[in-house]
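Overview (structure and organization)
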Amino acid sequence: MPKTIVVKIGTSSLTQPETGQLALSTIATLTETLCNLRHQGHRVILVSSGAVGVGCARLGLTERPKAIALKQAVAAVGQGRLMRIYDDLFSTLNQPIAQVLLTRADLVQRSRYLNAYNTFQELLGLGVIPVVNENDTVAVEELKFGDNDTLSALVASLVEADWLFLLTDVDRLYSADPRTVPDARPISLISNMKELAELQIQTGGQGSQWGTGGMVTKISAARIAIAAGVRTVITQGRFPRNIEKIIQGEAIGTHFEPQPEPTSARKRWIAYGLVPTGKLYLDDGAINAILQAGKSLLAAGIKAVEGDFENQEAVQLCDRNGNEIARGLVNYNSEDLQKIRGCHSRDIAGILGYAGAETVIHRDNLVLI
Ligand SMILES: Nc1ncnc2c1ncn2[C@@H]1O[C@H](COP(=O)(O)OP(=O)(O)O)[C@@H](O)[C@H]1O
Ligand SMILES: N[C@@H](CCC(=O)OP(=O)(O)O)C(=O)O
């Protein structure tokens, strides 16, 4: 059965850690592997980091720039070179590829989200392998994916992929960072998010010298992907051939099993496509109503409102300690919500001077996280 497979490779696997130069043999093997998958009839998307790392190597910079404008300039240098290398290798194997550069803004607006979906479908239908990266050169801080783990999970969710492979410089997820905790326990399978929470995995800092986000972003990427029904695997980037072995059933890397009933496409867009602009702190009654009974959120259950947002924007719903439990589209702006929080729905019209929605977030626009 043909599958849709998203493979994300990080800078730490694409470059030599000592010199920052490209790891050519890894890239060549990855290219061969992805072509094999295409020949087997699968639909393949590559999410490749490396624009900043390759740009640095090209310009002789020895560490990842911190200043935003410099990083954006370096990414512009590196992205071109990266695509040239991919195109040379894939062309040798007669495989057409396409460059797809996305920013968060492309997924926030529903029409642009659907447009991105259509473009991917066309490319995959044409037998092309899209090579995706964040459009680092124009992305603005407030509207960034920030790391390609998240980007790859959103792409996998968008195209409703069967597999997401997160290729990195460790062979799997461990109970703690194996670089600093040598006896950290390897983890082979995570069946659901409850199990993940119970494992209390420690993720240490921000990852390797050239990587962005470390393991934290891979775990949150897995969370996004499995909610969309995508089986997610964290595995070693230096051995891309393992992808084929894993698809054939070998137990390599860490597997995250997909949620049996994936969240609907629209709710996934609300939860992960949109960028939340505020927070609502709820009382225990409201939390129970949402979590246990699948109810809408009413003004009476809101203890506090944080942030400045408009009607129909996405907000986070939190318990009293600030832990996020859900996200949703609000029916009131932040100014009006400040006035009606804690109030009964029948009093809203009197307080605001107009008859607004009965619910603050309708259950159709509310997603548990
Ligand atoms: N619990 C953990 N299990 C495995 N690796 C971890 C863990 N916590 C932190 N890490 C670190 O995450 C790093 C990979 O992240 P990163 O450098 O961002 O890679 P990439 O460039 O592939 O995205 C590893 O080198 C490892 O040191
Ligand atoms: N978009 C950036 C990569 C950001 C990123 O997530 O990097 P990595 O942790 O190496 O996957 C680039 O191309 O350099």
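In every chain, residue numbers begin from 1 and rise along the written sequence. Labels are handed out in written order, letters beginning with A for the chains and numbers beginning with 1 for the ligands. The model is predicted, so local features are restricted to residues of pLDDT at least 70 and side-chain atom pairs to those at 80 or more, both for listing and for counting; the totals for chains, interfaces and linings are taken over all residues. In computing side-chain properties, one takes all heavy atoms of the structure into account and sets aside hydrogens as well as water.

Every helix listed is a DSSP run of H or I at least four residues long, and every strand listed is a run of E at least two residues long, numbered separately from the N terminus. Of note, threonine 168 is situated in strand β5 (residues 163-168). With a 1.4 Å probe rolled over the protein chains alone, any residue whose accessible area is under 20% of its type maximum counts as buried; one over 50% counts as exposed, and the rest are partly exposed. For threonine 168, a relative accessible area of 5% puts it in the buried group. Only heavy atoms enter the contact rule, under which two residues are in contact if any of them lie within 4.5 Å. Each residue touching threonine 168, except ones within four places of it in the same chain, is listed here: Ser12, Ser13, Met215, Lys218, Ile234, Thr235, Gln236, Gly237 and Arg238.

All right, on to the nonpolar core then. In these notes, a set of buried Ala, Val, Leu, Ile, Met, Phe, Trp, Tyr and Cys residues joined through side-chain atoms within 4.5 Å is what counts as a nonpolar core. Core analysis: the biggest nonpolar cluster contains 50 residues, and Ile45, Phe120, Val132 and Leu173 have the highest contact counts within it. When residues in this core are grouped by element, the largest group, seven residues, is from helix α9 (residues 214-227). Residues Val7, Ile27, Val54 and Leu82 belong to the second largest nonpolar core, which totals 28 residues.

Okay, the sheet that holds strand β3 (residues 97-102) next. When DSSP locates at least two bridges between a pair of strands, those strands are taken to pair. With mixed pairing, the eight strands of this open sheet are ordered in space as β3-β4-β2-β1-β5-β9-β10-β8. Each edge of the open sheet carries a strand with a single partner, namely β3 and β8 (189-190). Examined bridge by bridge, β8 and strand β10 (residues 254-256) share two bridges and lie parallel to one another. Within β10, the position partnered with leucine 189 by the bridge is histidine 255. Orientation is described by lines fitted to C-alpha atoms, with helices fitted over the stretch in contact, and by angles between N-to-C directions that extend from 0 to 180 degrees. Its contacts with the sheet place helix α6 (residues 110-125) against β2 (43-48), β3 and β4 (129-134), and it is angled at close to 120° to β2.

Looking at the secondary structure, you find alanine 289 in helix α12 (residues 284-291). Taking C-alpha positions, alanine 289 is 23 Å from alanine 197, a pair spaced 92 residues apart along the chain. In this structure, alanine 289 is in contact with Gly294 and Lys295, ignoring residues within four places of it in sequence.

None of this, on its own, says anything about what the molecule does.
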